[in-house]
Amino acid sequence: MVFRPFECLEQAETIKKAAKAINAFLLVMHTVRSAKRCCLQFLHHTIALSPFLPHTNIVMEDCTAYTNRIEAAIKSKTDNLDMDGLKKLKDDFKLFQLSFQSIFNVLLKKGLISEDPYKYEMKISEVETPSESPFAESEKNEKISIRLSQYESYMDFLNNYYQFSVEFLTLGRIKRLIALTKYFNFTEFSENSTHINTKYFAQIVQLVKKGSDSISIGIINEGLFQLDKTSRKIFQVLKELTFVHKEQYKMELRTLIVNGMQLRNEQVYAHQEDIIKKIRQKYAELAGDRPFYPDLAIEILKEDYSSQGEKLRDDVIKRLEVAKDKEKDKTVVSNYKNILIDGSRIIIGVGLQLEDAVRKLMENQNILESMDTSFLAKVKRAFKEMFGKKNEAIIHEVDYMDPVSATRKNESINFSEFCSDAGKKAQSLAAMVSRNSQAFKRLEASTEDNLYKFLAKSIEDFQAYHKKLAALEEFFMTSIRDPEFKGKVRSIKIETGSLKNAIIKANQKRYEYIAQKEEEEQMKRLGITGNS
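What counts as what
- The residue numbering used here restarts from 1 in each chain and proceeds along that chain's sequence as written.
- In view of the model being predicted, local features appear only for residues whose pLDDT reaches at least 70, and side-chain atom pairs are presented and counted only at 80 or more, with totals across whole chains, interfaces and linings using the full set of residues.
- Heavy atoms from the whole structure form the basis of all side-chain values; hydrogens and water molecules are not counted.
- Numbering goes from the N terminus for both helices and strands, where a helix is a DSSP run of H or I of at least four residues and a strand is a run of E of at least two.
- Buried residues are those whose accessible area, probed at 1.4 Å on protein chains only, stays under 20% of the maximum for their type, while exposed residues exceed 50% and partly exposed ones sit between those limits.
- The criterion used for residue contact is that any of the two residues' heavy atoms lie within 4.5 Å.
- Only the protein chains shown count as cover for residues, and all accessible areas are computed by the Shrake-Rupley method using a 1.4 Å probe.
- A helix is expected to span 1.5 Å for every residue after the first.
- What the arc covers is the set of directions going from the helix axis to the C-beta atoms.
- Only centres within 6.5 Å qualify two rings of Phe, Tyr or Trp (six-membered ring in Trp) as a pair; their planes then separate them into stacked at under 30 degrees, edge-to-face at over 60, and tilted for everything else.
- Charge over a ring is defined by NZ of Lys or CZ of Arg lying within 6 Å of the ring centre and within 35 degrees of the ring normal.
- Each salt bridge in this description consists of a side-chain nitrogen of Lys or Arg and a carboxyl oxygen of Asp or Glu lying within 4 Å of one another.
- Whenever a helix is involved, its axis is fitted only over the stretch in contact; in every case the axis is a line through C-alpha atoms, and angles between N-to-C directions fall within 0 to 180 degrees.
- In a left-handed crossing the near helix is turned counterclockwise from the far helix by less than a right angle, and in a right-handed crossing that turn is clockwise.
- Three residue categories are used. Nonpolar comprises Ala, Val, Leu, Ile, Met, Phe, Trp, Tyr, Cys and Pro, charged comprises Asp, Glu, Lys and Arg, and polar comprises the others, including Gly.
- pLDDT: the predictor's confidence for each residue, scored from 0 to 100.
- In this tally, Asp and Glu contribute negative charge and Lys and Arg positive charge; neither His nor the terminal groups of the chain are included.
- In this scheme, roughly parallel covers angles under 35 degrees and roughly antiparallel covers those over 145, while 65 to 115 is roughly perpendicular and the rest are oblique.

1. So, the overall build of the chain
Part 1: Helix and strand counts for the chain stand at 18 helices and two strands.
Part 2: Within the span of the chain, comprising 532 residues, buried residues form 39% of the whole.
Part 3: For the chain, contacts bridging at least 24 residues in sequence account for 78% of all contacts bridging at least 6.
Part 4: Of the roughly 31,300 Å² that the chain leaves accessible, carbon and sulfur atoms contribute 55%.

2. Re the environment of Val-208
Part 1: Counting through the fold element by element, Val-208 comes out in helix H5 (residues 196-209).
Part 2: Judged by relative accessible area, Val-208 falls into the buried class, the value being 6%.
Part 3: With twelve residues separating them along the chain, Val-208 and Ile-220 place their C-alpha atoms 8.1 Å apart.
Part 4: Val-208 has contacts with Val-106, Leu-107, Lys-110, Leu-112, Ser-216, Ile-217 and Ile-220, leaving out every residue within four places of it along the chain.

3. Some thoughts on helix H8 (residues 272-287)
Since the α-helix advances by 3.6 residues per turn, residues separated by three or four positions end up pointing in the same direction.
Part 1: With 16 residues, H8 extends 22 Å from end C-alpha to end C-alpha; this agrees with the ideal 22 Å at 1.5 Å per step.
Part 2: All buried positions along H8 are accounted for by Ile-275, Ile-276, Ile-279, Tyr-283 and Ala-287. Axial view of H8: buried residues confined to an arc of 100 degrees, hence all on one face. When the buried face of H8 is taken as reference, the exposed residues oriented beyond 90 degrees from it are Glu-273, Lys-278, Gln-281 and Glu-285.
Part 3: Residues of H8 that are buried make contact with helix H6 (214-256), helix H7 (265-270) and helix H9 (294-305).
Part 4: Directly beyond the C-terminal end of H8, a positive phi value near 70 degrees is found at Gly-288.

4. Re the packing of aromatic side chains
Part 1: Taken as a whole and judged by the stated rule, the model has 27 aromatic pairs.
Part 2: When the centroid spacing of 5.8 Å and the interplanar angle of 75 degrees are considered together, the rings of Phe-96 and Phe-186 count as edge-to-face. Here Phe-96 is found in helix H2 (residues 56-109), whereas its partner Phe-186 is found in the loop between helix H4 (171-181) and H5, with 90 residues between them in sequence.
Part 3: We classify Phe-186 as buried; its relative accessible area is 5%.
Part 4: Ring geometry for Phe-189 against Phe-201: centres 5.3 Å apart, planes inclined by 85 degrees, an arrangement best described as edge-to-face. With Phe-189 in the loop between H4 and H5 and Phe-201 in helix H5, this residue pair connects regions lying twelve residues apart in the sequence.
Part 5: A relative accessible area of 21% places Phe-189 in the partly exposed class.
Part 6: One aromatic cluster is present, formed by Phe-96, Phe-100, Phe-104, Tyr-151, Tyr-183, Phe-184, Phe-186, Phe-189 and Phe-201 through successive ring pairs.
Part 7: Over the face of the ring belonging to Tyr-200 we find Lys-199, whose NZ or CZ atom lies 5.6 Å from the ring centre.

5. So, the pattern of salt bridges
Part 1: Taken as a whole and assessed by the stated rule, the structure comprises 33 salt bridges.
Part 2: The salt bridge involving Asp-92 is made with Lys-233; its shortest N-O contact spans 3.5 Å. Taken together, the positions of Asp-92 in helix H2 and Lys-233 in helix H6 put the pair 141 residues apart, joining distant regions of the chain.
Part 3: Note on Lys-233: relative accessible area 38%, which makes it partly exposed.
Part 4: Glu-303 is the salt-bridge partner of Lys-250, the closest N and O atoms lying 2.7 Å from each other. You can see Lys-250 sitting in helix H6 and its partner Glu-303 sitting in helix H9, a full 53 residues away along the chain. Residues Lys-250 and Glu-303 agree in their burial class; the two are buried.
Part 5: It is possible to trace a salt-bridge network through shared partners that takes in Glu-247, Lys-250, Arg-254, Glu-299, Glu-303, Asp-304 and Arg-313.

6. What to know about the environment of Asn-192
Part 1: Position of Asn-192 among the secondary structure elements: in the loop between H4 and H5.
Part 2: When its relative accessible area of 72% is taken as the criterion, Asn-192 is described as exposed.
Part 3: For the pair formed by Asn-192 and Ala-202, sequence separation is ten residues and the distance between their alpha carbons is 8.6 Å.

7. Focus: the packing of helix H12 (residues 351-370) against helix H18 (residues 493-525)
Part 1: Closest axis-to-axis distance for the H12/H18 pair is 9 Å, and the angle between their directions is 145 degrees. As for how H12 packs across H18, the hand of that crossing is left-handed. Here Gln-353, Leu-354, Asp-356, Ala-357 and Lys-360 of H12 come into contact with H18, specifically with Glu-495, Ser-498 and Leu-499.
Part 2: Per-class residue counts for the contact of H12 with H18 are three nonpolar, two polar and three charged.

8. Topic: the confidence of the model for the chain
Part 1: For the chain, per-residue confidence averages 80 on the pLDDT scale, and 80% of positions sit at 70 or higher.
Part 2: Across the chain, the element-wise mean pLDDT spans from 48 in helix H1 (residues 5-48) up to 95 in H4.
Part 3: In this model residues 30-61 is a low-confidence stretch, pLDDT under 50, and it forms 25 contacts with partners more than four residues away in sequence or in other chains.
Part 4: Between residues 326-332, whose pLDDT stays under 50, and residues either more than four places distant or in other chains, the model counts two contacts.

9. Describing the side chain of Lys-505
Part 1: Turning to its location among the elements, Lys-505 is positioned in helix H18.
Part 2: There is no salt bridge for the buried Lys-505, and the closest opposite charge comes from Asp-156, which lies 5.1 Å off by N-O distance.
Part 3: If sequence neighbours within four positions are ignored, Lys-505 has contacts with Lys-94, Gln-97, Asn-159 and Ile-346.

10. A few points about the packing of H8 against H9
Part 1: Direction vectors running N to C along H8 and H9 enclose 120 degrees, while the axes themselves pass 10 Å from each other. As judged from the angle between their axes, H8 and H9 are oblique. In this structure, H8 crosses over H9, and the sense of that crossing is right-handed. For the pair H8 and H9, contact is made by Gln-272, Ile-275, Ile-276 and Arg-280 and by Pro-294, Ala-297, Ile-298 and Leu-301, respectively.
Part 2: Partitioning the contact of H8 with H9 into residue classes produces six nonpolar, one polar and one charged.

11. Focus: helix H14 (residues 415-430)
Part 1: Over its 16 residues, H14 extends 22 Å from the first C-alpha to the last, a length consistent with the 22 Å expected when each residue adds 1.5 Å.
Part 2: Considered for burial, the residues of H14 that qualify are Phe-415, Phe-418, Cys-419, Ala-422, Gly-423, Lys-425, Ala-426, Leu-429 and Ala-430. Down the axis of H14, the smallest arc covering the buried residues is 165 degrees, so these residues share one side. Residues of H14 that are exposed and point over 90 degrees away from its buried face: Glu-417, Lys-424 and Gln-427.

In structure tokens, the structure reads:
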């Protein structure tokens, strides 16, 4: 074999070039495959993120504009609630309390529940609810009596010490009001209720309904009707108020944190939990101990970064819109009359308490007379029983604190005459408790002027009754000192407390009526009408 070196070199060089060409080709193919794989992955990821396609800068611009829009809507809704909605809420809670008190007092009068001896020792600084813990059947009367009494005290605190404004009624306080309103389920008030307090309360109320006392039955039915109706209205306003606070919270969260995070849509889609954690951390730094609501933060992300965002935002704005009252001018006259009817209903509602107070004072009078064991006193009582004669006028010298001069004054009260007059007044009011009664229908059909006179006269009468009742109670408490009789003296603090609240609330209605009428007259003098 002949060795040819030059030919070998030429073949080697050719092989080298071929090898390089093959390597280059393989590298290109690998790159193409990698590129293809990357393209497919990118395409797949893009399709998955299709709800979040808008560019971040556009979204951020949108968020800023929406923040301004929602701020204006919240302010408008807040002003409307402060001016109108929460005033109605306050009136509803007052009516709720009066309706509850009317039932409570019927049960007391019937002896189905007992007075809570520690009622006036309760120190209340915030609205709470009585216990909801279970109890034995043998403890039913005692436990329900205490819970009903405590419930009435919390309602009284709410109506006398709470501010009804958007700023004061925070989410925490709204939660308390909801819990108090539904402590007894008046929208489904039944003996078969799964809620222990509602169940036993309904059972006690049913005992009155099964009786023959038509007046008490009427009071119970009217009270339950109003409690059902007003509780629904209360829940509706509290729902609106809760929504406003939530949107206010979301707006603050956007302004303080979310709008400055420069989030991208794909980040929100793929790393929502991490983003919520970052928002929480940042909020804790800025807001301190204020609670963080992750659900509301998620709502923000959906409204700002999802394909449904625009619709969600529009829904929020729509819910915050203030409805225009087109019928306001047409109803203004009837509203004046409604104010007077509401005030009259407040006075009518405490007629039963007035009757109970008189009855208890008459029992105290009997105790006072029984203490006199002299022969002459025994003869007088015997003649009274034999011939059914009424006692001669009983005059008691009492003293009381005059609220005008803030000094104590003395007065002689004809006890017999007072009891007769107050008793007749209580009976006339009891006849109007039911809205379906002829007496109430006559009152409702009265002219505005006659309604005002009825309300003003009733308030004046009740102020006089309240003063004398309190003075007489103090008289009997100090006059009956014998330990044998002292424990039998009946207190009327609950009744006088109810009368005092009714006087205050009825007077508020009277002044509201006067103020609105004066405003209308002033407008007329200025030549301004409702259509101007």
